[in-house]
Amino acid sequence: EDQVTQSPEALRLQEGESSSLNCSYTVSGLRGLFWYRQDPGKGPEFLFTLYSAGEEKEKERLKATLTKKESFLHITAPKPEDSATYLCAARGGGFKTIFGAGTRLFVKA
Amino acid sequence: DTAVSQTPKYLVTQMGNDKSIKCEQNLGHDTMYWYKQDSKKFLKIMFSYNNKELIINETVPNRFSPKSPDKAHLNLHINSLELGDSAVYFCASSNWGGDQETQYFGPGTRLLVL
């Protein structure tokens, strides 16, 4: 069965303290690995799509990487405004996109 | 311009009532989705329509009935609401096989059943 697992559930960082969020996936025939940011009371906001192992994408302080089993979202020198829930999702050979439970990131000034 | 919009934003109703949620997208996508996000923030797919045809129908009670009058709209009607239906419902859209199938989400409809 397709599955997406994110860790840690919650992460507390000081401003400027870099770290990584993990997304492990078990999906047949990966067609895309997605990262979203969700702020309280809002819908998920698209960040990145990765398609093949070795691929990397960057946006401001965020960088997403992909291996055959995992994806990482690296956050470099985070700021308080980076505080949000980060969702990982994977789309396999079927029609469904499977979401992980998310990592809640708190960045303290 | 709002890419994916939903109405209403909040919905408070009594058990047993029937209610509808509407979704519209102006991205020109051909596929639309309904997701349910529970109190633990888990997003689970409920339905998906491609070019007005139902392509995903998860194990959802038949009290939930989606309708897609055209490619830009996907509505969700819920009959005989139950307490367990309380959640946030998100609509999303994408291009099937295009734009790498990235889904874009609406702001959500917060449903509370009393």
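What comes next concerns the included structure. Here the structure is a predicted model, which is why all the values come from computation and not from measurement. (Residues numbered from 1 in each chain as written. Chains lettered and ligands numbered in written order. Predicted model: local features only at pLDDT ≥ 70, side-chain atom pairs only at ≥ 80, totals over all residues. Heavy atoms only, no water.)

## A short note on the overall build of chain B
Okay, step 1: For chain B, the helix and strand inventory stands at 0 helices and 11 strands.
Okay, step 2: Scanning chain B from its N terminus toward the C terminus, one meets helices and strands in the order β-β-β-β-β-β-β-β-β-β-β.
Okay, step 3: Computed over its C-alpha atoms, the radius of gyration of chain B comes to 13 Å, within 12% of the 13 Å expected for a compact globule of 114 residues.
Okay, step 4: Counting only C-alpha atoms and orienting by the principal axes, one finds that chain B spans roughly 40 × 25 × 25 Å.
Okay, step 5: Contacts in chain B between residues at least 24 apart in sequence constitute 55% of all its contacts with a sequence separation of at least 6.
Okay, step 6: If the 12 positive side-chain charges of chain B are averaged to one point and the 12 negative ones to another, these points end up 8 Å apart. (Helix = DSSP H or I, 4+ residues; strand = E, 2+ residues; numbered from the N terminus. Rg over C-alpha atoms; globule rule 2.2 N^0.38 Å. Contact = heavy atoms within 4.5 Å. Lys, Arg positive; Asp, Glu negative; His and termini not counted. Charge placed at Lys NZ, Arg CZ, Asp CG, Glu CD.)

## As for the sheet that holds strand E3 (residues 19-25) of chain B
All names here are of chain B.
Okay, step 1: Taking strand neighbours across the sheet as the criterion, the 4 strands line up as E1-E3-E8-E7 in an open arrangement whose pairing is antiparallel. Each end of this open sheet is capped by a strand with a single partner; those strands are strand E1 (4-7) and strand E7 (64-70). Across the sheet, the axes of successive neighbouring strands diverge by a mean angle of 20°, strand direction being ignored.
Okay, step 2: In this sheet, E3 lies alongside E1 in antiparallel orientation, the contact comprising 4 bridges. When the sheet's bridge partners are listed, valine 4 is paired in E3 with glutamine 25. (Pairing = 2+ DSSP bridges. Axes fitted to C-alpha atoms, helices over the stretch in contact; angles between N-to-C directions.)

## Description of the interface of chain B and chain A
Okay, step 1: Contact residues are listed per partner, giving 21 residues for chain B and 19 residues for chain A.
Okay, step 2: For the pair chain B and chain A, the two sides together bury roughly 1800 Å², of which 55% comes from carbon and sulfur.
Okay, step 3: The tally of links between chain B and chain A comes to 1 salt bridge.
Okay, step 4: Between B:Glu58 and A:Lys96 there is a salt bridge, with its nearest N and O atoms 3.4 Å apart.
Okay, step 5: Viewed at the interface, chain A and chain B are joined by 6 residue pairs in polar contact (both at pLDDT 80 or more).
Okay, step 6: Within the residue set of the side of chain B that touches chain A, elements represented by two or more residues are strand E4 (31-37), strand E5 (43-50), strand E6 (53-57) and strand E10 (104-105) of chain B.
Okay, step 7: At 3 residues, E4(B) tops the list of elements feeding residues into the side of chain B that touches chain A.
Okay, step 8: Here the side of chain B that touches chain A is built from residues that sort into 12 nonpolar, 5 polar and 4 charged. (Buried area = accessible area lost by both parts, 1.4 Å probe. Salt bridge = Lys/Arg side-chain N within 4 Å of Asp/Glu carboxyl O. Polar contact = N/O pair within 3.5 Å; in protein donor to acceptor, adjacent residues only side chain to side chain. Nonpolar A, V, L, I, M, F, W, Y, C, P; charged D, E, K, R; others polar.)

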